[in-house]
Amino acid sequence: MNNDDARKGGHPGGHPGGHPGTIKDVYKDIKDKDSSGEKAHGFMQNTQNQLRLLFWETTAGCNLECIHCRRLDISKKLMESDLNTEESKKFIDNLAETSKCILVLSGGEPLFRPDIFELAEYADSKGLTVALATNGTMITAEIAKKIVNAKVQRVAISLDGGTPETHDEFRKLKGSYNRAVEGMKHLQALGMSTQINCTIAKHNVHEVEKIYENAITLGVDALHIFMLVPVGCGVQIEKEQTLDAVTYEKVLNWFYDISKEGKIQTKATCAPHYFRIMRQRAAAEGVEVTPKTHGMAAMTKGCLAGSSICFVSHKGEVFPCGYLPVEAGNIRKTPFKDIWENSQVFETLRDPDQLGGKCGACEYKTVCEGCRARAYYYTDGDYMAEEPYCIYEPPEYQIQQAKEEMKLKE
């Protein structure tokens, strides 16, 4: 099976590509229908707060020491606090009872876990769609076969630069770029769907065109860009690496431009402004945002933390996302289903009317919501405050500000 087959939703060995209900499956069903815009909007709103994507930090152990890592306590070995195999399967059981979502096995480096293939196959057997997020450096031909046999549907590999030198400096391991690419090719040779994850910051913003060209040349199915969030090690490099708001806006406009080329699937992550920009640009072009015009981007929105996605740490802590350190519960104490359905943290995040500042007054708040993790960091804990790295000034907010200025003058 070749890579074209993988793009069509197949899987090595004849395993079906995904389980019903994922965004990919719904997209396939509605993309060519006249009512696709209305159905996409309904899917995006997710009024029932269906869990669609869960990131599980299977271990904190990792073979790299990336300067942007969300963790401070990076370990070169497995940690005793990692959920063991029995606990992990119990969690998977409870997750499957909550939603037949996409489960992303991440880390640290998930391939550090000797039982990772067993857990992936177990999750698949429970009706979950399994993906793997890895730095790629540990993927040999043998490991690639194990990943395929474990019924993983897609592997995301991080490449944080347009050149090997830029990536290696960021990942703090010489040769890590070439090893990651080699791992990717082992997977592609077996028909595995692959994507590139890339954090855009000052160290590589000048290479975005090269990053895009590399993704196409490497034959991956998708390019997902991430904007730096100051958490974990990211706090230590925040001043030297975070893009200013104007550059941030320019990068997202560029990303919109390449999305229209249709050469590769693109997704902006931890970059909620993109979904405001997408609608502004589409309106200027006189185009309605639908799956026909904008692909799966028409079916999702900016910050999904606590409403469509969440993150489970290697210790069992449940967070709205991997960058927002506000604990909603712990699966070692409370079943995941109870946390997802009853957490006060999640309830707050699911109500855009609780957004503060200009986010609260913005006409795009239901499709953007701003990055709640950046709001948390820059306000010292208020995760419903306005997004600090957005240059857009909502008309309603400008009116409010003008009224307040008039009151002060009186």
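Located above this text is the structure these notes cover.
Residues numbered from 1 in each chain as written. Predicted model: local features only at pLDDT ≥ 70, side-chain atom pairs only at ≥ 80, totals over all residues. Heavy atoms only, no water.

Draft legend 1. Representation of unusual backbone geometry within the structure. Cis geometry marks the peptide bond from glycine 107 to glycine 108; its omega dihedral reads 25 degrees. As for its position among the elements, glycine 108 is in the loop between β2 (102–106) and α5 (116–125). Phi at lysine 151 takes a positive value of approximately 70 degrees, unusual for a residue other than glycine. (Helix = DSSP H or I, 4+ residues; strand = E, 2+ residues; numbered from the N terminus.)

Draft legend 2. Representation of the sheet that holds strand β1 (residues 53–57) in the model. Taken together, the 10 strands give an open sheet; going across it, the order is β7-β6-β5-β4-β3-β2-β1-β8-β9-β10, and neighbouring strands pair in mixed fashion. Edge strands, defined here as strands with exactly one partner in the open sheet, are β7 (265–269) and β10 (329–330). Both strand β3 (residues 129–134) and strand β4 (residues 154–158) contribute to a ladder of four bridges, which runs parallel. If you follow threonine 134 over to β4, its bridge partner there is isoleucine 157. With respect to the sheet, helix α8 (residues 176–189) is in contact with β4 and β5 (193–200), its orientation differing from that of β4 by roughly 165 degrees. (Pairing = 2+ DSSP bridges. Contact = heavy atoms within 4.5 Å. Axes fitted to C-alpha atoms, helices over the stretch in contact; angles between N-to-C directions.)

Draft legend 3. Representation of the pattern of salt bridges. Throughout the structure, instances matching the rule amount to 17 salt bridges. Residues lysine 263 and glutamate 261 are paired through a salt bridge, measuring 3.8 Å at the closest nitrogen-oxygen approach. Lysine 263 sits in the exposed class, given a relative accessible area of 58%. Glutamate 261 sits in the partly exposed class, given a relative accessible area of 42%. (Salt bridge = Lys/Arg side-chain N within 4 Å of Asp/Glu carboxyl O. Buried < 20%, exposed > 50% of the residue type's maximum accessible area, 1.4 Å probe, protein only.)

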